[in-house]
Amino acid sequence: MIKDKINQENHPNVSLRLLGKRGRDGRTYNLHTVSEVVGDFDEALGDRDIIVEKQSGRLLRITERSPSYLALQYPLLFAYGEDGYSEDIEIVRFLGAKGLKSDDRPDVVCRIFKVKLDNLIRDLKTNKFFGAVKAVVYTIEFQKCGLLHAHILLFLSNEDKLPQPRRIDEIISAEIPDPVIDPCYYENVKEFMVHGPCGAVRKSSPCMRDGSCSKYFPKQYLDATKFDDDGFPVYRRRDNGRVVMKDGVPLDNRYIVPHNRALLMKYGGHINVEWCNQSQSIKYLFKYINKGHDRVTASFFQSGADGARQNLDEVSLYYDCRYISSCEAAWRIFGFEIQYKDPSVERLSFHLPNEQHDTCTMPSKSSMEELFLPSTPGKFKDKSHHRQQHHRSATSLFLWALFLVALTAAFLSFLFKDKYFRSNWESHVRSSAQIRRHNGFSVLVTGAAGFVGSHVSLALKKRGDGVVGLDNFNDYYNPDLKRSRRDLLTANGVFIVEGDLNDAKLLANLFDLVQFSHVMHLAAQAGVRYAMENPHSYIHSNIAGLVTLLEASKSAMPQPSVVWASSSSVYGLNEKSPFSESDRTDKPASLYAATKKAGEEITHTYNHIYGLSITGLRFFTVYGPWGRPDMAYFSFTRDILEGKPITIYRGKNHADLARDFTYIDDIAKGCIGSLDTAKKSTGSGGKKRGPAQFRIFNLGNTSPVTVPMMVGMLEKHLKVKAKKNLVEMPGNGDVQFTHANISYARSEFGYNPTTDLQTGLKKFVKWYISYYGYNHAKSV
Ligand SMILES: O=C(O)[C@H]1O[C@H](OP(=O)(O)OP(=O)(O)OC[C@H]2O[C@@H](n3ccc(=O)[nH]c3=O)[C@H](O)[C@@H]2O)[C@H](O)[C@@H](O)[C@@H]1O
């Protein structure tokens, strides 16, 4: 009709008004909010007659050769030299410089979205981010605001499904992170994962229906994640007083959209991750696949010269139109998939006997039963005597098999599986080992999911060194904390191989894959008193594991320089204060200390025989955020908050025990200083070629504090009084005091601890509360 009007001479100005209408399906008949749409009025016409109404009101017929389309043909050049996606390529920066908005260049929006989407699918599918994936389905939604949205379903393999609700918190968070401890994460959540404001403060929000939020925000505060009566997960949202400001409105944890930290940090966009284990949720998630085109009811109006609009013919001029937003148009022109299925499934409408060849691999009888019997009564029956029926239904069967796997076993269980870290790790190792600074190192960090290991790995990665972690995630203390540290490292590009130091084959593989310039050996069985309970674990890790690592290092070509964690405990019953590296260390007070002392001697032999460059670091009672739950400052914090009594040991004549508590950041600096000043090993492939460097440094704080004073500081920061039991120190391996002389480390690499215990404990307590909460929802 518009075509006819335009062809008439002196045609009147005609405007198109798009109407929302009650009684229509709200998901399909929904008004756009972008400035320009293309109307496609008659879907039966072969050739498209495309008429654009500009925002000025002018009608314009365009062809697919129109300059407006030309803009969509140019490829986006990645001028910053990246292999696909990079944080530097941002729509806003690209358009902002030209004074354009995102809906002015749907081609750019689409291309960047596609790059990110492809990377995400690769991460999920090939890199097995949540475990082995059997199938992926996604569909693109073209939102009314003109932007794109992908709905992705993952079908995980049976081995990778662990549908226990307690594991959800490891993968999905719906809370505001701590802005001090994790500022980047905080900024990302603030920018992308906050819903609203809506409700009473912003009734015009697009989510508002009948006076309340259609997405049910704000959600309830909840101390622990659980499943509701309908089987939907209800995520933990603690009432911890944390808020973010959005449009001048403070929004708390109840407004946070569930997400995965690592995906959010990597892709810097709104990625809502949901755990799905119910058939209802699957149906809900598929709705966009079947939603159909965007449609709108429209009517034509005559525009007067003064711009006033008059009705022409209200009844006859109503049209039921399909409309395409600019992004949808660009997406289709580029030929990007709107629906994606892998493996692809094709459904044949008709299948007449002997007409079409249709082949399939028949599953075994038992798996057929498994597939057919549950969940779809009446759809398929296992009649093995009736083979033809199977054959006839084969194509449909595959489709249903997919659904059945889904329905019977909670297919969208988003989980990090430990196995993921074992399988397919070679490419992760290589990319994690990549050096990104001039003359940088490639460092193998053992014990990378541990307290000191995670801090050192992060610090190295941040300055551009290549870092590969190794950790056995043992359960000396709750491995959930180790997994959280691992998530932090994963988000920062550090990959941790899950494996044991004693696995010589694994170590050989690692040294084959990467020419490590350094080994930072921090894996150990720690803890002084636990050695009485489990002595062999100390021999296994601190002696056998150390030897296995040194064997691999001495055989490597080139040999790495080795920096490793000894302990202040080697000073044992030494009474000379402060402790200097030249003091006697032949009176260990615990088996732990003895294994560390043995380590110093063992490393010496490898230095002497094979030319390995060795630096041993004697750490003095290291503490801080992400610390070890078995240590006194940590377990005291937990017990004080839980109102439980703590036991404080006292030495001879009721003397207080004292420790040279050293803050983790100072220790991390000491580790890096040692790496930076470590000379190269002189051997190669097991043959010594000359004398090699051998050093031992104290890394302490130089100001011992008594245990009761440390408790006093905790009480102050926690604002809770401790219930103290003072007991005589049992013969458990503890020593009376420790005190470091650090002048050697200071002179060699400028080691200079700067955090006193008061300040360090304050930071620890802040982290502790943000990680566990006051009521301690996670078990330590
Ligand atoms: O400096 C070191 O080399 C060592 O430091 C710590 O060992 P420790 O100093 O014993 O640290 P904590 O276990 O945190 O104990 C600190 C102090 O609190 C005391 N303590 C511990 C536990 C307890 O219940 N009550 C108590 O009074 C201990 O006797 C000790 O004097 C680490 O646990 C070791 O792995 C490390 O090698």
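Residues numbered from 1 in each chain as written. Predicted model: local features only at pLDDT ≥ 70, side-chain atom pairs only at ≥ 80, totals over all residues. Heavy atoms only, no water.

Novice: Explain the overall build of the protein chain here, please?
Specialist: Broken down by element type, the protein chain carries 24 helices and 29 strands. Within the protein chain, buried positions represent 51% of all 780 residues. In the protein chain, the share of contacts with a sequence separation of at least 24, taken over all contacts with a separation of at least 6, comes to 76%. Accessible surface computed for the protein chain: about 37,600 Å², of which carbon and sulfur atoms make up 51%. (Helix = DSSP H or I, 4+ residues; strand = E, 2+ residues; numbered from the N terminus. Buried < 20%, exposed > 50% of the residue type's maximum accessible area, 1.4 Å probe, protein only. Contact = heavy atoms within 4.5 Å. Areas by Shrake-Rupley, 256 points an atom, 1.4 Å probe, with all protein chains shown as cover.)

Novice: Can you help me understand the pattern of salt bridges in this one?
Specialist: Applying the stated rule across the entire model yields 30 salt bridges. For Asp-734, the salt bridge identified is with Arg-659, shortest N-O distance 3.7 Å. With a gap of 75 residues between them, Asp-734 in the loop between β29 (723–728) and α23 (743–749) and Arg-659 in strand β25 (residues 658–659) connect regions that are remote in the sequence. Residues Asp-734 and Arg-659 agree in their burial class; the two are buried. Because the salt bridges share partners, they merge into one network encompassing Asp-169, Glu-175, Arg-236 and Arg-238. (Salt bridge = Lys/Arg side-chain N within 4 Å of Asp/Glu carboxyl O.)

Novice: Would you mind showing me how to read the environment of Ala-658 here?
Specialist: Take Ala-658: it is sitting in strand β25. Judged by its relative accessible area of 11%, Ala-658 falls in the buried class. In the structure, Ala-658 is positioned 45 residues away from Ser-703 in sequence and 9.7 Å away in space, judged by C-alpha atoms. Not counting residues within four places of it along the chain, the set of residues in contact with Ala-658 comprises Pro-704, Val-705, Thr-706, Gln-736, Phe-737 and Thr-738.

Novice: Got a minute to help me understand the site of the ligand in this structure?
Specialist: Taken together, 22 residues sit near the ligand, with Arg-529, Ser-567, Tyr-592, Thr-647 and Asp-734 positioned nearest. At 2.5 Å, a side-chain N or O of Ser-567 approaches an oxygen atom of the ligand. Within the backbone of Ser-569, an N or O atom sits 3.4 Å from an oxygen atom of the ligand. Protein contact buries 93% of the 690 Å² of open area that the ligand shows by itself. Among the secondary structure elements, those contributing two or more residues to the shell around the ligand are α20 (632–641) and β24 (645–650). (Near = heavy atom within 4 Å. Polar contact = N/O pair within 3.5 Å; in protein donor to acceptor, adjacent residues only side chain to side chain.)

Novice: Before we go on, may I ask you to explain the sheet that holds strand β19 (residues 495–498) in this structure?
Specialist: Backbone hydrogen bonds hold the strands of a sheet together, and the pairing may be parallel or antiparallel. Strand order in this open sheet of seven strands is β19-β18-β17-β20-β21-β22-β27, and the pairing throughout is parallel. Across the chains shown, the open sheet's two edge strands, defined by having one partner strand only, are β19 and β27 (694–699). Each adjacent strand pair in this sheet contributes to an overall mean axis angle of 20°, direction not counted. Relative to β27, strand β22 (residues 614–619) is paired through six bridges, and the arrangement is parallel. Looking across to β27, one finds that Leu-617 is bridged to Phe-697. Docked against the sheet, helix α17 (residues 504–513) engages β17 (442–446), β18 (466–471), β19 and β20 (518–521), running at close to 175° with respect to β18. (Pairing = 2+ DSSP bridges. Axes fitted to C-alpha atoms, helices over the stretch in contact; angles between N-to-C directions.)

Novice: Mind showing me how you'd approach the pairing of strand β11 (residues 243–246) here?
Specialist: Look at any regular strand and the pattern is simple: side chains alternate between the two faces of the sheet. Across four bridges, the pairing between β11 and strand β12 (residues 249–252) is antiparallel. Each residue of the ladder has a partner; that of Val-243, found in β12, is Asp-252. Following β11, the chain reverses through two residues before pairing antiparallel with β12; Asp-247 in that reversal takes a positive phi of roughly 50°.

Novice: Looking at this structure, I do not really get the nonpolar core. What am I missing?
Specialist: Looking at soluble globular proteins, one finds that nonpolar side chains tend to be buried together. One finds Val-452, Met-520, Phe-619, Tyr-633, Phe-636, Met-710 and Trp-767 to be the most contacted residues of the largest nonpolar core, which totals 73 residues. If one sorts the elements of this core by residue count, helix α24 (residues 757–772) sits on top with nine residues. If we skip the residues at most four places from it in the chain, Met-710 touches Ala-632, Tyr-633, Phe-636, Phe-661, Val-705, Leu-757 and Leu-761. By size, the runner-up hydrophobic cluster in this structure holds 33 residues, among which are Ile-121, Phe-129, Ile-171 and Phe-336. (Core = buried A, V, L, I, M, F, W, Y, C linked by side-chain atoms within 4.5 Å.)

Novice: What exactly am I supposed to notice about α20 here?
Specialist: Residue pairs three or four apart in sequence face the same way in an α-helix, which turns once every 3.6 residues. Among the 10 residues of α20, eight are classified as buried, and the element is accordingly described as predominantly covered. Considering only its buried residues, α20 is in contact with α15 (451–462), β23 (622–623), β24, α22 (707–718) and α24. After α20 finishes, the residue Gly-643 shows a positive phi value of roughly 75°.

Novice: What is the right way to look at helix α18 (residues 535–555) in this model?
Specialist: With 21 residues, α18 should reach 30 Å at 1.5 Å per residue; the first-to-last C-alpha distance of 30 Å fits that figure. Maximum bend of α18: about 30°, positioned at Gly-545. Listing the buried residues of α18 in full gives Ser-537, Tyr-538, Ser-541, Asn-542, Gly-545, Leu-546, Thr-548, Leu-549, Leu-550, Ala-552, Ser-553 and Lys-554. Tucked into the core, α18 has its buried residues touching β17, α17, β20, β21 (561–567), α19 (591–610) and β22. (Expected span 1.5 Å × (residues − 1). Bend = angle between axes of the 7 residues up to and from the residue.)

Novice: Which parts of the structure should I look at to understand the confidence of the model for the protein chain?
Specialist: Regions with low pLDDT should not have their predicted coordinates read in detail. For the protein chain, per-residue confidence averages 78 on the pLDDT scale, and residues scoring 70 or more make up 69% of the total. Confidence drops under pLDDT 50 across residues 69–89; counting only partners more than four residues distant or on other chains, this segment forms 37 contacts. Note that pLDDT drops below 50 for residues 363–423; the model gives that stretch 129 contacts with residues more than four away or on any other chain. Here the predicted complex carries an ipTM of 0.97, next to a pTM of 0.54. (pLDDT = per-residue confidence, 0-100.)

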